[in-house]
Amino acid sequence: MNNQYSFSEFIKTVYSLAMTRLTIPQARLIRRPVYVRGAKSLAGCKRLTTGRFCRFDLEGRKKTLWIGDDCEFGDMAHIVAHERVEIGDHALLASKVFISDTSHGNYKSGDQSYAEEPPKKRRLVTEPVKIGRNVWIGENVVVLA
């Protein structure tokens, strides 16, 4: 496949590469725009490549998202990591993948949430998520604890 960038795409890629070197130097290419809340919680990322509009909502005070070596994320990947999300080496995520270790409410035995209660008012519950090495996650997939 012979992909050729237009001049404007080339300029956007050069800008993204420069910003990657300044902000996450161990990554390969973080395409802009990207949204990272709680950047101090991000770990790993050696040779990480992302598409545009990726979003990472992290806890902020401790390492909660660990991304292995040589991972590639498509456009609009969204990861929520308040406790621990671990993605193994060489993982490939297609566009619009959502991964979260956080749920609005508890649905296991014990202290369960009530369906009549609006999700926004339910207690946030976290549980670690681990994705192995050499895993491919297809488009529009949701991975929950």
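The written sequence of each chain sets the order in which its residues are numbered from 1. For a predicted model such as this one, the threshold for reporting local features is a pLDDT of at least 70, and the threshold for listing and counting side-chain atom pairs is 80 or more; totals across whole chains, interfaces and linings nevertheless cover every residue. Think of the side-chain values as coming from all heavy atoms in the structure, minus any hydrogens and water.

Moving on to helix α1 (residues 7–23). Think of it this way: any DSSP run of H or I at least four residues long counts as a helix, any run of E at least two long counts as a strand, and we number them from the N terminus. Given the number of residues in a helix, its expected span is that number minus one, multiplied by 1.5 Å. Here α1 contains 17 residues, and its C-alpha end-to-end distance of 24 Å stays within 8% of the 24 Å for a straight helix at 1.5 Å per residue. Note on exposure labels: buried denotes an accessible area under 20% of the residue type's maximum, exposed denotes more than 50%, and partly exposed covers the range between, all computed with a 1.4 Å probe on protein chains only. Of all the residues in α1, the buried ones are Thr13, Ser16 and Thr20. All buried residues of α1 lie within an arc of 65 degrees about the axis, which places them on one face of the element. Residues of α1 that are exposed and point more than 90 degrees away from the buried face comprise Phe7 and Leu22. Directions are taken from the helix axis to each C-beta atom, and the arc is the one they span.

Residues belong to a common nonpolar core when they are buried Ala, Val, Leu, Ile, Met, Phe, Trp, Tyr or Cys residues joined through side-chain atoms within 4.5 Å. Ranked by internal contacts, the top residues of the largest apolar core, which has 25 residues, are Leu65, Phe73, Ile87 and Ile99. Elements with a minimum of two residues in this core: β5 (54–58), β6 (65–67), β8 (78–81), β9 (85–87) and β14 (129–131). Whether two residues are in contact is decided by their heavy atoms: any pair within 4.5 Å suffices. Once residues lying within four places of it in the same chain are set aside, the contact partners of Leu65 are Ser41, Leu42, Ala43, Phe56, Leu58, Ile79, Ala81, Val85 and Ile87.

Now for the packing of aromatic side chains. Only Phe, Tyr and Trp rings take part, Trp by its six-membered ring, and two of them pair if their centres are within 6.5 Å. Stacked means planes under 30 degrees apart, edge-to-face means over 60, and tilted covers everything else. Scanning all chains against the criterion turns up one aromatic pair. When the ring of Phe56 is compared with that of Phe73, the centres are 6.3 Å apart and the planes differ by 50 degrees; the resulting orientation is tilted. You can see Phe56 sitting in strand β5 and its partner Phe73 sitting in strand β7 (residues 72–73), a full 17 residues away along the chain. With a relative accessible area of 4%, Phe56 lands in the buried category. The buried category is assigned to Phe73, whose relative accessible area is 4%.

Let us now look at the sheet that holds β8. Strand-to-strand pairing in sheets goes through backbone hydrogen bonds, with the strands running parallel or antiparallel. Spatially, β2-β5-β8-β11-β16 is the arrangement adopted by the five strands of the open sheet, whose pairing is parallel. On the outer flanks of this sheet lie β2 (34–37) and β16 (142–144), each paired with one strand and no other. Recorded for the sheet is a direction-independent mean angle of 5 degrees between the axes of neighbouring strands. Here, a strand pair is defined by DSSP locating no fewer than two bridges between the strands. Where strand β11 (residues 98–100) and β16 come together, three bridges link them in parallel fashion. Bridging from a neighbouring strand, Ile99 pairs with Val143 of β16. In this analysis, axes come from line fits to C-alpha atoms, helices being fitted only over the stretch in contact, and the angle between any two N-to-C directions falls in the range 0 to 180 degrees.

Nothing here speaks to function; it is all geometry.
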